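# Close look at the chain arrangement
What follows is each chain in one-letter form.
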Amino acid sequence: MKSQISSALSDFFFEYETPRQVLVRNRRVGVVCRLIQLGVLAYIIGWVFIYEKGYQSTDTAVSSVFSKMKGVGYTNVNGSERVWDVADYVFPPQGDSSFVVMTNYIITEGQKMGKCPELQGKANCTTDADCEGGSFKRQMTGSCVPATKTCEVLAWCPVENDHNIPDPPRLMSAENYTLFIKNSVTFPLFQVTRSNLVEGIDNAYIKKCLHDPKKAPLCPIFKLGDIVKLSGFKFETIAKEGGAIGIVVDWTCNLDVDIKHCKPTYNFHGLYGNPTETDKARASVGYNFRYAKHYLDGGVQKRTLHKVFGIRIDIIVQSLARKFDIIPTLTAIGSGVGIFGVATVVCDLVLLYLLPKREFYKNMKFKYTDTQAQHDSESLGLDTSVYYTLEANARQAQDTDRSNDPDSEAGSSENEASKK
């Protein structure tokens, strides 16, 4: 038992095993092997390294966005002139990455809490019985107003009439408003910080530039009409009932080159808009909201209700930075080397199971162990040394057969020589 343990330890520490290599001279198998290896090599170089950039590590940015609208609007409704500045038409006014620019509105002035008839077409009635049952959109009192033939409601009176949306939009001048976007990004993994005010964008340039995808792609000042146009909408149509537009600031940077080449690109997308363009199948289109300004008039609380139609702008920052890293590089190379083993597996299957000479190749590829040889010699009644001699002679004869094998390079050469 002790000797067996010592022998096992000795074999473990002082012996080395290596796979047996068999050189097969077969044109068809050789071509299949090289084609598979060429395909694997093209995959590693073309897809992993060039397209997917598997030699680089990636990081996304932490970003902040500041926005500022500029411009003055003018309206003349029933002889009442008014000028609208940024404080009047931008909601909220803090300069966030998501805000609304008012382009149309309905104002209901002098509302106070009380009882008044509902609008015609919403709660029609002939008797008080038609007005029982609680509330419609407003709290009903249970009385029918004969003059209007509508139910009486408890609400802010007079009730808002928003059946007819002003057309053309009252703030068509909003098309000439300008939007300034200031954006900064930080890639924590690479400790890189960039701003959309890149090299060459200074105060003098900002004062005179206006964004154009071809002529001034880095200018951070955008005309509202151009934003709507680039997003696929018509300004007059979207201004009537409102809509939403996404401005995507894309930071895709290769940090293996000079940092000055890390610059943003701007893309514009119409998110939802109006019934005559992309929203034909929707039941509710446009974008609107209400807000009220309360005041006291002779001790009575009143309010002015505004229904605002506007363009909602969402500034979205997308980022992806890449830089060379030895770890993903080695991982990609190791994976590629492992895939090369597919060629060996396929060629072995062809050799051992598909070719006419498959038994010949099996005998060349596999070698019996000593235990098997001893078993075979005992079954034949031969001495082990005699068995090995016979086996060597058989291998020599197989080598001779291989030279005559028409599938092999050597066999083909000898056949051609004999024909000559």
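Residues numbered from 1 in each chain as written. Predicted model: local features only at pLDDT ≥ 70, side-chain atom pairs only at ≥ 80, totals over all residues. Heavy atoms only, no water.

### So, helix α8 (residues 341-353)
As a reminder of what qualifies: Working definition: helices are DSSP H or I runs of at least four residues, strands are E runs of at least two. Numbering for both runs from the N terminus. One fewer than the residue count of a helix, multiplied by 1.5 Å, yields its expected span. Note on classification: 1.4 Å probe, protein chains only; a residue is buried when its accessible area is under 20% of the maximum for its type, exposed when over 50%, partly exposed between these limits. A contact between two residues is defined here by any heavy atoms of the two lying within 4.5 Å.
Under the 1.5 Å per step criterion, the end-to-end length of α8 is 18 Å for 13 residues, consistent within 8% with the ideal 18 Å. Within α8 the residues assigned to the buried category are A343, C347, V350, L351 and L352. Looking at the buried side of α8, the elements it contacts are α2 (27-51), α7 (326-339) and α9 (358-365).

### Focus on the environment of P188
Mapped onto the elements of the fold, P188 is located in the loop between β9 (178-187) and β10 (192-195). It is 7.7 Å that separates the C-alpha atoms of P188 and V62, two residues lying 126 residues apart in sequence. Among residues more than four places away in sequence, those in contact with P188 are D59, T60 and V62.

### Notes on α7
Spacing of three or four residues puts side chains on the same side of an α-helix, whose turn is 3.6 residues. Note the following rule: In this description, the arc belongs to the directions extending from the helix axis to the C-beta atoms.
Its 14 residues place the ends of α7 20 Å apart at the C-alpha level, agreeing with the 20 Å of an ideal helix rising 1.5 Å per residue. Of the positions making up α7, those classed as buried are T329, A332 and G336. Relative to the axis of α7, the buried residues are bounded by an arc of 70° and lie together on one face. Counted as exposed and oriented over 90 degrees from the buried face of α7: I327, L330, V337 and G338.

### What to know about the pattern of salt bridges
For the record, the criterion: Think of a salt bridge as a Lys or Arg side-chain nitrogen and an Asp or Glu carboxyl oxygen that are within 4 Å of each other.
What the rule picks out here adds up to 8 salt bridges. Here D162 makes a salt bridge to K307, at a shortest N to O gap of 2.8 Å. Linking D162 in the loop between β8 (150-157) and β9 with K307 in strand β15 (residues 300-324), this pair joins segments that are 145 residues apart in sequence. In this structure D162 comes out as buried when scored by relative accessible area, which is 16%. Residue classification places K307 among the buried residues on the basis of a relative accessible area of 9%.

### Notes on the state of the cysteines
Cysteine pairs can be linked by a disulfide, which is a covalent bond between their two sulfur atoms. Stated formally: In what follows, a disulfide is any cysteine sulfur pair within 2.5 Å.
For the coordinates displayed, the defined rule picks out 5 disulfides. The disulfide partner of C209 is C219, and the S-S distance across this bridge is 2.0 Å. One disulfide, between C209 and C219, carries an S-S torsion of 70° and so falls in the right-handed class. Within this pair, whereas C209 is found in the loop between α4 (203-208) and β11 (221-223), its partner C219 is found in the loop between α4 and β11, the two being separated by 10 residues in sequence. Each of the two residues, C209 as well as C219, counts as buried.

### Quick notes on a nonpolar patch on the surface
Convention followed: Patch membership requires more than 30% relative accessible area and the absence of a salt bridge. Residues of like charge join within 9 Å; the nonpolar side chains Val, Leu, Ile, Met, Phe, Trp and Tyr join within 5 Å. Each accessible area is a Shrake-Rupley estimate made with a 1.4 Å probe; only the visible protein chains count as cover when residues are assessed.
A grouping of F324, I326, I327, L330, I333 and V337 is seen on the molecular surface, where their side chains present a nonpolar patch of about 600 Å² in accessible area. A total of 5 residues in the nonpolar patch trace back to one element, the largest contributor, which is α7. One can find I327 in helix α7.

### Looking at the nonpolar core
To keep things clear, this is the line we draw: To define a nonpolar core, start from buried Ala, Val, Leu, Ile, Met, Phe, Trp, Tyr and Cys residues and group those joined through side-chain atoms within 4.5 Å.
Judged by nonpolar contacts, the single largest core of 41 residues is most densely connected at F99, M102, Y177, L179, F187 and I313. At the level of elements, β5 (90-91), β6 (98-117), β9, α5 (224-230), α6 (235-241), β12 (243-254), β13 (265-272) and β15 are the ones that each hand at least two residues to this core. Aside from chain neighbours lying at most four places away, what touches F187 is D59, T60, A61, V192, W251, S319, L320 and A321. Counting 12 residues, the second-largest nonpolar core is a separate cluster that includes C116, A123, C144 and V153.

### Section: unusual backbone geometry
A cis geometry characterises the amide bond from C157 onward to P158, with omega recorded as -5°. If you trace the backbone, P158 turns up in the loop between β8 and β9. Cis geometry is adopted by the peptide bond preceding P168, which originates at D167 and carries an omega value of 10°. For K53, which is not a glycine, the phi torsion comes out positive at approximately 50°. Its location among the elements puts K53 in the loop between α2 and β1 (56-59). In this structure, N78 takes a positive phi of about 55° despite not being glycine.

### Focus on the packing of α8 against α9
Applied cut-off: An axis is simply a line fitted to the C-alpha atoms; with a helix, the fit covers only the stretch in contact. Between two such axes, the angle follows the N-to-C directions and lies from 0 to 180 degrees. Roughly parallel means an angle under 35 degrees; roughly antiparallel means over 145; roughly perpendicular covers 65 to 115; every other angle is labelled oblique.
Between α8 and α9, the shortest axis-to-axis distance is 6 Å and the interhelical angle comes to 120°. One way to sum up the angle between α8 and α9 is to call them oblique. Of α9, the residues touching α8 (which contributes D348, L351, L352 and Y353) are R358, Y361, K362 and K365.

### A short note on the packing of α7 against α8
Put simply, the rule reads: Charged means Asp, Glu, Lys or Arg here, nonpolar means Ala, Val, Leu, Ile, Met, Phe, Trp, Tyr, Cys or Pro, and polar covers whatever is left, Gly included.
Axis separation between α7 and α8 bottoms out at 4 Å; the angle between their running directions is 5°. With respect to α8, the axis of α7 lies roughly parallel. Residues V337, G338 and I339 of α7 form the contact with α8, whose participating residues are G341, V342 and A343. Of the residues that constitute the contact of α7 with α8, the class distribution is 4 nonpolar, 2 polar and no charged.

### Observations concerning the confidence of the model for the chain
Here is the rule we go by: Per residue, pLDDT measures the predictor's confidence, with a range of 0 to 100.
For the chain, the average pLDDT comes to 83, and 82% of its residues sit at 70 or higher. Across the chain, the element-wise mean pLDDT spans from 41 in helix α12 (residues 409-419) up to 96 in β11. Within the model, pLDDT remains below 50 along residues 408-420, and this stretch shows 17 contacts once partners closer than five positions in the same chain are excluded.

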